[in-house]
Amino acid sequence: AMLLGARGFQDPEEKGSSIRLLVRDTQGDPEVAVERVRELAEDPNVVGIVGPLRATVAVACAEEAQKLGIPMITLTQREEVARLGDYVFQNGLTIRQQVDTLVEFVMEEMALSSFAVLYPKDAYGTLSRELLENKVFEMGGELVSAVPYEDGETDFQDEIRLLVGREFLREVARREEEREQKRRLEEGNEGASEGIEAGFGLGDEASEEEPILPPFQVLFIPDHFRKVALIAPHLALYDVNEITLMGTNAWNSNQLVELAGEYVRDAIFSDGFFAESDMPYVREFVEDYMRAFQAEPRVLEAQGYDSLLILADAFVHAQEKTREEVREALASMEGYAGLSGYTSFNEYGSAKKRLYILSIIGNHIQQIY
């Protein structure tokens, strides 16, 4: 992807900006990686570094880049790497970016304000719950309930009862009893004459009940699509239907549609890239990538491509073509429109993004924002 960004497959006769891309292998070893950073920093023509990906290697590289005063955009998901210094920036997809994008979309575009979260009892799930709670509170919404489940859980009835609360369950039970009484009444009148049946009014005059509304409008499930495919039918079992299901990029798989079908229809989730987007620059990138590598690009490729061009854009906008000025341009960048969303950097150097919002419409995943 970065080779594409550096025009590595372009006809040399074509005009355009020229980026010289130097590729160095860290071997996944922090000590080797630090040596590679030093080698690159010794070249006065190197304006900055993109990478690495693995957190342990990224930390070692970031510390060295800060010491040497060379801008670095790491691709790790670990936001804290950027706090190592003002020359270090982080552009990996994070759960914070996803939660922020989702909550903003749901509250601003869908006008929904009450949330619940059903989350795995692990570090990822706990962080997701905390981030959701903070963002919802920040925007004036309400987190109605938050219920964890154990790793390996396959039956979620107890957790769903806790989510919806006793009042909702009592109403479900009351309506179920009414339906059962009506069924018995109808069975008892099966042998009656047509005229007597009409007298009971058991036909067209029966009115449909209003749906039972849970105490929340949005249910966030920060887990893998296979787990979501297990949870969604349990929700229907308890008539938890009139809600919006919300998830992370771990939902972005056609297998979710195949496994859960109607139970996840109209659900929304976020991702840092969507290869089937209708946006022209995304289509062009996907076509170029597939032509060059005979494979479809994913979110990591999009982030690598964007990071290289963000660095190049900072170089163009730097008043003086020095590493210090490039760092300043990166820090002040606002809303860079890339393949992986609109990117800015916060005061610590971590990426702030407006990501893709995807939804399951019919039997297909489609971009809705």
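Keep in mind it's a predicted model, so treat the numbers as computed, not measured.

## Some words on the overall build of the chain
Okay, so step 1: The helix and strand tally for the chain stands at twelve helices and 13 strands.
Okay, so step 2: Against the 2.2 N^0.38 benchmark of 21 Å for 369 residues, the chain shows a C-alpha radius of gyration of 26 Å, more extended than a compact globule.
Okay, so step 3: With 369 residues in all, the chain has 46% of them scored as buried.
Okay, so step 4: For the chain, long-range pairs separated by at least 24 residues make up 64% of all intrachain contacts whose partners lie at least 6 apart in sequence.
Okay, so step 5: Here the chain has roughly 19,700 Å² of accessible surface; of this, 47% comes from carbon and sulfur atoms.

## Considering the pairing of strand β8 (residues 268-271)
Okay, so step 1: Burial along β8 is two-sided: Ile268 and Ser270 and Phe269 and Asp271, pointing in opposite directions, are all buried.
Okay, so step 2: Bridge count for strand β7 (residues 244-247) against β8 is two bridges, and the pairing is parallel. Following the sheet pairing, Gly247 is matched in β8 by Phe269.
Okay, so step 3: Note on the crossover from β7 through helix α9 (residues 254-260) to β8: the handedness is right-handed.
Okay, so step 4: Alignment of β8 against strand β12 (residues 356-361), held across four bridges, turns out to be antiparallel. Paired with Phe269 across the strands is Leu358, a residue of β12.

## Here's the deal with the side chain of Lys135
Okay, so step 1: Counting through the fold element by element, Lys135 comes out in helix α5 (residues 123-138).
Okay, so step 2: Within polar-contact distance, the side chain of Lys135 engages the side chain of Glu104 at 2.9 Å.
Okay, so step 3: If we skip the residues at most four places from it in the chain, Lys135 touches Val99, Asp100, Val103 and Glu104.

Criteria and thresholds
- Residues numbered from 1 in each chain as written.
- Predicted model: local features only at pLDDT ≥ 70, side-chain atom pairs only at ≥ 80, totals over all residues.
- Heavy atoms only, no water.
- Helix = DSSP H or I, 4+ residues; strand = E, 2+ residues; numbered from the N terminus.
- Rg over C-alpha atoms; globule rule 2.2 N^0.38 Å.
- Buried < 20%, exposed > 50% of the residue type's maximum accessible area, 1.4 Å probe, protein only.
- Contact = heavy atoms within 4.5 Å.
- Areas by Shrake-Rupley, 256 points an atom, 1.4 Å probe, with all protein chains shown as cover.
- Pairing = 2+ DSSP bridges.
- Right-handed = clockwise from strand over helix to strand, strands pointing away.
- Polar contact = N/O pair within 3.5 Å; in protein donor to acceptor, adjacent residues only side chain to side chain.

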